[in-house]
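Each chain, letter by letter, is given below.
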Amino acid sequence: MEVSMTLWVLTIVGLCALIAVDFFIGRKPHDVSIKEAGIWTIVWIVLAALFGVGLLIWGGAQAGGEFFAGYITEKSLSVDNLFVFVLIMAKFAVPSQYQQRVLLVGVLIALVLRAIFIAAGAAILASFSWVFYIFGAFLIWTAWKLIQEARADEEEEEFQENKLLKAAERRFGVADRYHGTKLWIEQNGKRVMTPMLVVMLAIGTTDVLFALDSIPAIFGLTQDPYIVFTANAFALMGLRQLYFLIGGLLRKLVHLSYGLSIILGFIGVKLVLHALHESGVHVPEISIPVSLGVICGVLIITTITSLRASRKMAETASAESPAKNDIDV
């Protein structure tokens, strides 16, 4: 799809305007209710749907299909980010009324970093088609790794700060407590970071690790930088509200890793087939409608099986609890 510089500018300005409205409405620190999170989650999904319909009308069925496939994939992969966000919030003991501000700025940092990744990825793919083989192999390897992690009986996870974050803390120092929404304060005659800034940087930079699989995944569905960027933008901007809406349900999505591994493996195979086709090998290519159907189907089945498994585990736990109490007595 041919995208003019004017359209790029209008899109970025439009996204900035939406972010500004979101920031203005939630500028006062407060505990986010389920109702508020639900309303804003619906708003961002509707906005993404309207944008996709617009692409469908003016860009054609191919562009619209690629956007929806990319958006759903990025949205499903971003849900996995929420597990880490929960760990980060617990690690830094972020007060509940400040979590909304932390997530907003953290997601903005992540969006800027992803835009850089997307620009670099688009430039590389445009110059070297063999990179599709690397992206495809990487996604298949990531899918296998996700399955292994899901099958492993791991202990309670704890967030580990990355080297960049540790270096910033050593260089500037960190205050011993939160000071409202302030990012910097004067302490003992020295300007130091507050824990608020540290946790924002933690969320923003940690997302880069997730981008290592999500960016190749969406490039497996479309090579249009405009669609890749907008799909990522809409998926990320709705992530903050999703955190508050389904935060308590994350533990119930016990089969999410299996579903994501299937999606990543499927897109990896699609990338390899595309690379072979570009190299002149006559192999079938997977169309966007098929990709969209597979992605949606896997997510629906994964959600249903996860909720059923969680309910059975809860029933088993409640059945065993009275018996344990009798033994204790």
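Higher on the page you've got the structure.
Notes on the structure follow. Note that the structure is predicted; figures quoted are calculated from it, not measured.

What counts and what doesn't
- Residues numbered from 1 in each chain as written.
- Predicted model: local features only at pLDDT ≥ 70, side-chain atom pairs only at ≥ 80, totals over all residues.
- Heavy atoms only, no water.
- Helix = DSSP H or I, 4+ residues; strand = E, 2+ residues; numbered from the N terminus.
- Contact = heavy atoms within 4.5 Å.
- Areas by Shrake-Rupley, 256 points an atom, 1.4 Å probe, with all protein chains shown as cover.
- 1 Å grid on protein atoms, 1.4 Å probe; cavity = no way out; pocket = protein on both sides within 12 Å on 5 of 7 lines; lining within 4 Å.
- Points joined across faces, edges and corners; volume = space filled by probe spheres on them.
- Nonpolar A, V, L, I, M, F, W, Y, C, P; charged D, E, K, R; others polar.
- Patch = residues over 30% accessible without salt bridge, like charges linked within 9 Å, V, L, I, M, F, W, Y side chains within 5 Å.
- Salt bridge = Lys/Arg side-chain N within 4 Å of Asp/Glu carboxyl O.
- Buried < 20%, exposed > 50% of the residue type's maximum accessible area, 1.4 Å probe, protein only.
- Phe/Tyr/Trp six-rings, centres within 6.5 Å; stacked < 30°, edge-to-face > 60°.
- Expected span 1.5 Å × (residues − 1).
- Polar contact = N/O pair within 3.5 Å; in protein donor to acceptor, adjacent residues only side chain to side chain.
- Axes fitted to C-alpha atoms, helices over the stretch in contact; angles between N-to-C directions.
- Parallel < 35°, antiparallel > 145°, perpendicular 65-115°, else oblique.

Some words on the overall build of the protein
Logical step 1: Per the secondary structure count, the protein includes eleven helices and two strands.
Logical step 2: Counting contacts in the protein only where the partners sit at least 6 residues apart, residues at least 24 apart contribute 79% of the total.
Logical step 3: By element, 66% of the accessible surface of the protein is carried by carbon and sulfur atoms, the whole surface being about 17,200 Å².

Quick notes on empty space enclosed by the protein
Logical step 1: This model, assessed by the stated rule, comprises one cavity of 30 Å³ or more.
Logical step 2: Estimated volume of the largest cavity: approximately 40 Å³.
Logical step 3: As for the largest cavity, its lining consists of Val32, Glu36, Trp40, Gln100, Arg240, Gln241 and Phe244.
Logical step 4: Mapped by element, the contributors of at least two residues to the lining of the largest cavity are α2 (34-58) and α9 (239-246).
Logical step 5: Considering each element in turn, the lining of the largest cavity owes the most residues, three residues, to α9.
Logical step 6: Within the lining of the largest cavity, the residues separate by chemical class into three nonpolar, two polar and two charged.

Overview of a nonpolar patch on the surface
Logical step 1: A surface patch of nonpolar side chains, about 480 Å² in accessible area, is lined by Ile124, Phe128, Trp130, Tyr133 and Ile134.
Logical step 2: If you trace the backbone, Trp130 turns up in the loop between α4 (99-127) and α5 (131-151).
Logical step 3: You can call Trp130 partly exposed: its relative accessible area is 48%.

A look at the packing of aromatic side chains
Logical step 1: In this structure the tally under the stated criterion is ten aromatic pairs.
Logical step 2: Their ring planes at 45° and their centres at 5.9 Å tell us that Trp8 and Phe229 sit as a pair that is tilted. Placement of the pair is Trp8 in helix α1 (residues 5-25) and Phe229 in helix α8 (residues 225-237), with a sequence separation of 221 residues.
Logical step 3: On the accessibility criterion, Trp8 (23% relative accessible area) is partly exposed.
Logical step 4: Phe229 gets classed as buried once you look at its relative accessible area, which sits at 12%.
Logical step 5: Residues Phe67 and Phe68 carry aromatic rings whose centres are separated by 5.7 Å and whose planes lie at 70° to one another, so their mutual orientation is edge-to-face.
Logical step 6: Overall, the relative accessible area of 22% leaves Phe68 in the partly exposed class.

Some remarks on the pattern of salt bridges
Logical step 1: With the rule as written, the count across this model stands at one salt bridge.
Logical step 2: The partner of Arg114 in a salt bridge is Glu74, with the nearest N and O atoms 3.1 Å apart. With a gap of 40 residues between them, Arg114 in helix α4 and Glu74 in helix α3 (residues 61-91) connect regions that are remote in the sequence. By the burial criterion, Arg114 is buried, and Glu74 matches it.

Quick word on helix α10 (residues 256-278)
Logical step 1: With 23 residues, α10 should reach 33 Å at 1.5 Å per residue; the first-to-last C-alpha distance of 33 Å fits that figure.
Logical step 2: Positive phi appears at Gly280, one or two residues downstream of α10, with a value of about 95°.

Brief notes about α8
Spacing of three or four residues puts side chains on the same side of an α-helix, whose turn is 3.6 residues.
Logical step 1: The end-to-end C-alpha distance of α8, which contains 13 residues, comes to 18 Å, matching closely the 18 Å that a straight helix rising 1.5 Å per residue would cover.
Logical step 2: A large share of α8 lies buried, amounting to twelve of its 13 residues.
Logical step 3: By the N-cap criterion, in which a side-chain oxygen at the helix start approaches the backbone nitrogen of a residue two or three places on, α8 is capped by Asp224, the distance to Tyr226 being 2.9 Å.

Here's the deal with the environment of His274
Logical step 1: Along the chain, the position of His274 falls in helix α10.
Logical step 2: Taking the C-alpha atoms as reference points, His274 and Gly136, separated by 138 residues in sequence, lie 9.4 Å from one another.

A look at the packing of α1 against α2
Logical step 1: Direction vectors running N to C along α1 and α2 enclose 175°, while the axes themselves pass 13 Å from each other. Taken as axis vectors, α1 and α2 run roughly antiparallel relative to one another. From α1, Leu18, Val21, Asp22 and Ile25 reach across to α2, where they touch Trp40, Trp44 and Leu47.
Logical step 2: Tallied by class, the residues present in the contact of α1 with α2 amount to six nonpolar, no polar and one charged.

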